[in-house]
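Observations on chain architecture
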Amino acid sequence: MEFIILFITILFVSILQITIPFLVKRNVVFGVTIPYEHAQDPKIMQYKKRYALITAIISVIVLIGFLIWSQVNTLQQPKLVLTGSILPFVILFTSMILYFFFHYKLSKLKREEDWYSNIRQVHVTDLRARAKDEMLSSFVHLIPMVITATLILLSANLFEQLPNQIPIHWGADGQPDAFTDKSWISVLNLPFILLIMQAMFLAINIFTKRSGIKIQAGNVTSSTLRQLRLRKYSSWFLFLTNILITILFSFLQLNLLYDQLFSDRWLLFFPFGFLFVMLIGALVLAVKVGSVDSDLEGKGITGQTNEQESVDEDKYWKGGIFYFNPHDPSIFVEKRFSIGWTLNFANPIGYVVVFLPVIIILILSFTL
Amino acid sequence: MISLNPESELPLYRQLTNQIMEAIVRDELATNDMLPSVRAFASDLGVNMHTVNKSYHELETKGIIKIVPKKGAIIIANKRQQITAHQLNKLGEAFQPLVVEALVNGISQQELQDLITKVLVKIKED
């Protein structure tokens, strides 16, 4: 069971890493902005294919190696889980190195070819785009918070009856494996952490909504559709994540309040079931967003002349990955070499939204 | 579509002002339509908030929009309304240096009228 889950996870990470150059916006190749008319340049396509090929070879070696290794040795479960959890990072790490290699090569190519010399660079927007935005309302993230509030009230009510030892850590099978003395902090620890995460999800939704709908002047129709899909599906994915985490935490807290409320079989099912749902959600997001304004869309760059492109913003992207643009009030922007959002590191609000909750959760965990 | 060119001699905020007015002329925007908040508009364009803010204030001074704090701006200009004497006066003053420039360069009255007709056609076509 563990093996299958780990194998699927590695496979999933592999496929995403192999296909990513073909799923990202086609005018940004390995973090380097290219005018649309050169996006399918033979040399650029060759770089993408080489990246995909090398990543694929490494992924196959890792997957087959993992399969053989687990069959030959009769392994202890912790060792299997540890190895299986490290392997996706091996693939991520190699694709990262390849990314930097091709990022460097493409930056060089861009300098040599001087693609932007004859192109007018403009800032564009469509006033009708905001009306078409289908992001989930931020209010939906208040619903899980109500559940947390209920959990806190329930825990406070049952405080006197609880045993003197409170679980603070759970294994992958959902069983507690570390305990601490009963106190208000240890009993309410889980609901508090949950509440902070829910507040973070709420804030991410609010600030993503406020962030810019970035339209590419070189391909208005497709780039608008891609932005709208990214906003819509990522907000659904965020809400799904919120719900799953709320269920998981509520379930752990209820098991703490009412001893052995759920059977061991449920305990096993939960983490794996969640991983499965998250993987499916991520896959839907990747397909829905990655199929528009990418190489997968085919050649259809329609309706626009190529003498106009959006302003080349490469100077704001450090290493093609970190966005630092003090002029742009957006807090989240579309990632350049993955599907999803990244922070505008020039905007302090972003740090508060993403890092503050993590710091509070870490402090809460260490005070126990 | 709003499209601002940083290379142009005209400052970005002025370009934005002109394009919002052109959108009204072309019926892409109508009276009582809402313009996005300064933050949202600047985010969408990827420009500084000052640019949008300056443009909104310019449009407000011209009596074309009314700024609603935090929400955005509402278009109050009405094409179907008769232009007021005051507005006509102000426009006359703004036209004067341009007409003078045209005259200095030897334009005739007929050519001047043709030029205005041409500009009118161009604005509606774009």
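The written sequence of each chain sets the order in which its residues are numbered from 1. Each chain is given a letter, starting from A, and each ligand a number, starting from 1, according to the order in which they appear as written. A pLDDT threshold of at least 70 governs which residues receive local features in this predicted model, and a stricter bar of 80 or more applies before side-chain atom pairs are shown or counted, although totals over entire chains, interfaces and linings include all residues. Side-chain descriptors were evaluated using all non-hydrogen atoms of the structure, hydrogens and water having been removed beforehand.

Section: the overall build of chain B
What counts here: In this description a helix means any DSSP run of H or I spanning at least four residues, a strand means any run of E spanning at least two, and both kinds are numbered starting from the N terminus. Relative accessible area decides the class of each residue, using a 1.4 Å probe on protein chains only: under 20% of the type maximum gives buried, over 50% gives exposed, and in between gives partly exposed. Residues count as neighbours in contact if any of their non-hydrogen atoms are within 4.5 Å of one another. Computed with the Shrake-Rupley method and a 1.4 Å probe, the accessible areas treat only the protein chains shown as cover for residues.
When helices and strands are tallied, chain B shows five helices and four strands. The C-alpha extent of chain B, read off along each of the three principal axes, is 50 × 35 × 25 Å. Relative to its full complement of 126 residues, chain B shows a buried share of 28%. The long-range fraction of contacts in chain B, counting pairs at least 24 apart against all pairs at least 6 apart in sequence, stands at 52%. Of the roughly 8,400 Å² of accessible surface on chain B, 56% is carried by carbon and sulfur atoms.

Let's talk about the environment of A:Met197
Residues and elements named next belong to chain A. Position of Met 197 relative to the elements: it lies in helix H5 (residues 184-210). Accessibility expressed as a relative area gives 15% for Met 197, which makes it buried. Separated by 157 residues in the primary sequence, Met 197 and Val 354 place their C-alpha atoms 9.9 Å from one another.

Thoughts on the domain arrangement of chain A
Residue and element names in this part refer to chain A. Counted only if it meets this: Note that domain bounds follow an automatic or database assignment of domains. Accessible area that two parts lose when put together, evaluated with a 1.4 Å probe and summed over both, is termed the buried area.
You can read the domains of chain A as domain 1 (1-116) and domain 2 (127-368). For domain 1 versus domain 2, the separation of C-alpha centres amounts to 23 Å. In this assembly, 33 residues from domain 1 lie in contact with 35 residues from domain 2. Both sides together, the interface formed by domain 1 and domain 2 hides about 3,000 Å², and carbon and sulfur atoms give 61% of it.

Thoughts on the pairing of strand S4 (residues 72-75) of chain B
Residues and elements named next belong to chain B. This is how it is decided: DSSP-based pairing: two strands are paired if at least 2 bridges between them are found.
Strand direction decides the pairing type here: strand S2 (residues 34-35) and S4, joined by two bridges, are antiparallel. Paired with Leu 35 across the two strands is Ala 73, which belongs to S4. Note that strand S3 (residues 65-68) and S4 share four bridges and pair antiparallel. Note that in S4 the partner of Val 68 across the bridge is Gly 72. Count of turn residues in the S3/S4 antiparallel hairpin: three residues, of which Lys 70 carries a positive phi of about 70°.

Details of the confidence of the model for chain B
As a general rule, the predicted coordinates of low-pLDDT regions are not to be interpreted in detail. Rule in force here: pLDDT measures how confident the predictor is about each residue, on a scale from 0 to 100.
For chain B, mean pLDDT is 90; residues scoring 70 or higher make up 99% of the total. When mean pLDDT is compared element by element in chain B, helix H3 (residues 49-61) of chain B scores highest at 94, while helix H5 (residues 109-125) of chain B scores lowest at 89.

Remarks on the pattern of salt bridges
Two side chains that carry opposite charge are able to pair once their charged atoms sit near each other. Formally: Think of a salt bridge as a Lys or Arg side-chain nitrogen and an Asp or Glu carboxyl oxygen that are within 4 Å of each other.
Taken as a whole and assessed by the stated rule, the structure comprises 16 salt bridges over all chains. Ionic pairing is found between B:Asp44 and A:Arg130, a salt bridge with its closest N-O pair at 2.6 Å. Linking B:Asp44 in helix H2 (residues 38-45) with A:Arg130 in the loop between strand S3 (120-125) and helix H4 (142-158), this pair reaches from one chain into another. The exposure class assigned to B:Asp44 is buried, which follows from its relative accessible area of 4%. Residue classification places A:Arg130 among the partly exposed positions, given a relative accessible area of 23%. What you see here is one network of salt bridges that share partners, running through A:Lys110, A:Asp312, A:Asp314 and A:Arg336.

Points about the nonpolar core
Residue and element names in this part refer to chain A. Selection rule: Nonpolar core, defined: a set of buried Ala, Val, Leu, Ile, Met, Phe, Trp, Tyr and Cys residues in which side-chain atoms within 4.5 Å join the residues together.
Ranked by size, the top nonpolar core spans 50 residues in total, and within it Phe 30, Leu 106 and Phe 332 carry the most contacts. Secondary structure elements with two or more residues in this core: helix H1 (2-23), helix H2 (42-72), helix H3 (77-113), H5, helix H6 (220-257), helix H7 (264-290), strand S10 (341-343) and helix H8 (348-366). In terms of residues, this core owes the most to one element, H5, which gives ten residues. Counting only domains with at least three residues in this core, you end up with domain 1 (1-116) and domain 2 (127-368).

A look at a positive patch on the surface
In plain terms, the rule: A residue counts toward a patch only above 30% relative accessible area and without a salt bridge, and it is joined to like-charged neighbours within 9 Å or, for Val, Leu, Ile, Met, Phe, Trp and Tyr, to nonpolar neighbours within 5 Å. The positive count covers Lys and Arg only, the negative count covers Asp and Glu only, and His and the chain ends enter neither. By convention, charge coordinates are those of NZ in Lys, CZ in Arg, CG in Asp, or CD in Glu.
Taken together, A:Lys43, A:Arg50, A:Lys108 and A:Arg111 make up a surface patch of like positive charges. Of all the secondary-structure elements, those providing two or more residues to the positive patch are H2 and H3 of chain A.

Thoughts on the packing of H5(A) against H8(A)
Residue and element names in this part refer to chain A. The following threshold applies: Angular values range over 0 to 180 degrees, each being the angle between N-to-C directions of two axes fitted as lines to C-alpha atoms, with helices fitted over their stretch in contact. Oblique is the label for any angle not under 35 degrees, not over 145, and not in the 65 to 115 range, which are roughly parallel, roughly antiparallel and roughly perpendicular in turn. Gly is put with the polar residues, along with every residue not named as nonpolar or charged; the nonpolar set is Ala, Val, Leu, Ile, Met, Phe, Trp, Tyr, Cys and Pro, and the charged set is Asp, Glu, Lys and Arg.
For the pair H5 and H8, interaxial distance at closest approach is 10 Å and the crossing angle is 175°. Viewed along their axes, H5 and H8 adopt a mutual orientation that is roughly antiparallel. Facing Asn 189, Phe 192, Ile 193, Ile 196, Met 197, Met 200, Ala 203, Ile 204 and Phe 207 of H5, the residues of H8 in contact are Ile 349, Val 353, Val 354, Pro 357, Ile 360, Ile 361, Leu 364 and Ser 365. Here the contact of H5 with H8 is composed, by residue class, of 15 nonpolar, two polar and no charged.

Description of the sheet that holds S4(B)
All names here are of chain B. Taken together, three strands build an open sheet; the order of strands is S2-S4-S3 and the sheet is antiparallel. In this open sheet, the two strands that pair with only one neighbour each are S2 and S3. Relative to S3, H3 is tilted by about 130°, and along the sheet it contacts S2, S3 and S4.

Let's talk about the interface of chain A and chain B
Keep this limit in mind: Under this definition, polar contacts are N or O atom pairs within 3.5 Å; protein pairs additionally need one hydrogen-donor-capable and one acceptor-capable atom, and for neighbouring residues in sequence, both atoms have to be side-chain atoms.
Every contact between the two is made by 22 residues of chain A and, on the other side, 21 residues of chain B. Here chain A and chain B share an interface that buries about 1,900 Å² over both sides, 57% of which is from carbon and sulfur atoms. Taken together, the connections running from chain A to chain B amount to one salt bridge. Applying the counting criterion to the chain A and chain B interface returns eight residue pairs in polar contact (both at pLDDT 80 or more).

Quick look at the sheet that holds strand S6 (residues 308-310) of chain A
Taking strand neighbours across the sheet as the criterion, the three strands line up as S6(A)-S3(A)-S1(B) in an open arrangement whose pairing is mixed. Each of the sheet's edge strands pairs with one partner strand only, and the pair in question is S6 of chain A together with strand S1 (2-4) of chain B. Going across the sheet, the axis of each strand differs from the next one's by a mean of 50°, ignoring polarity. With three bridges joining them, S3(A) and S1(B) adopt antiparallel strand pairing. In the strand pairing of S1(B), A:His123 is matched with B:Leu4.

Notes on the packing of aromatic side chains
Residue and element names in this part refer to chain A. Condition: Ring geometry is summarised as follows: Phe, Tyr and Trp rings, the Trp one being its six-membered ring, pair when their centres sit within 6.5 Å, and such pairs are stacked at plane angles under 30 degrees, edge-to-face over 60 and tilted between the two.
Within this structure, the stated rule accounts for 17 aromatic pairs over all chains. Judged by centre distance (5.6 Å) and plane angle (45°), the ring pair of Tyr 47 and Phe 102 falls under tilted. Placement of Tyr 47 in helix H2 and of Phe 102 in helix H3 is noted, with a sequence separation of 55 residues between them. Neither Tyr 47 nor Phe 102 differs from the other in exposure class; each is buried. On the basis of an interplanar angle of 25° and a centroid distance of 6.4 Å, the ring pair of Phe 66 and Trp 69 is categorised as stacked. With Phe 66 and Trp 69 both in helix H2 and three residues apart, this pair spans about one turn of that helix. Look at Phe 66 and you get buried, because its relative accessible area is 2%. An aromatic cluster of at least three residues, connected via ring pairs, comprises Phe 30, Tyr 47, Tyr 51, Tyr 99, Phe 100, Phe 101, Phe 102 and Phe 337.

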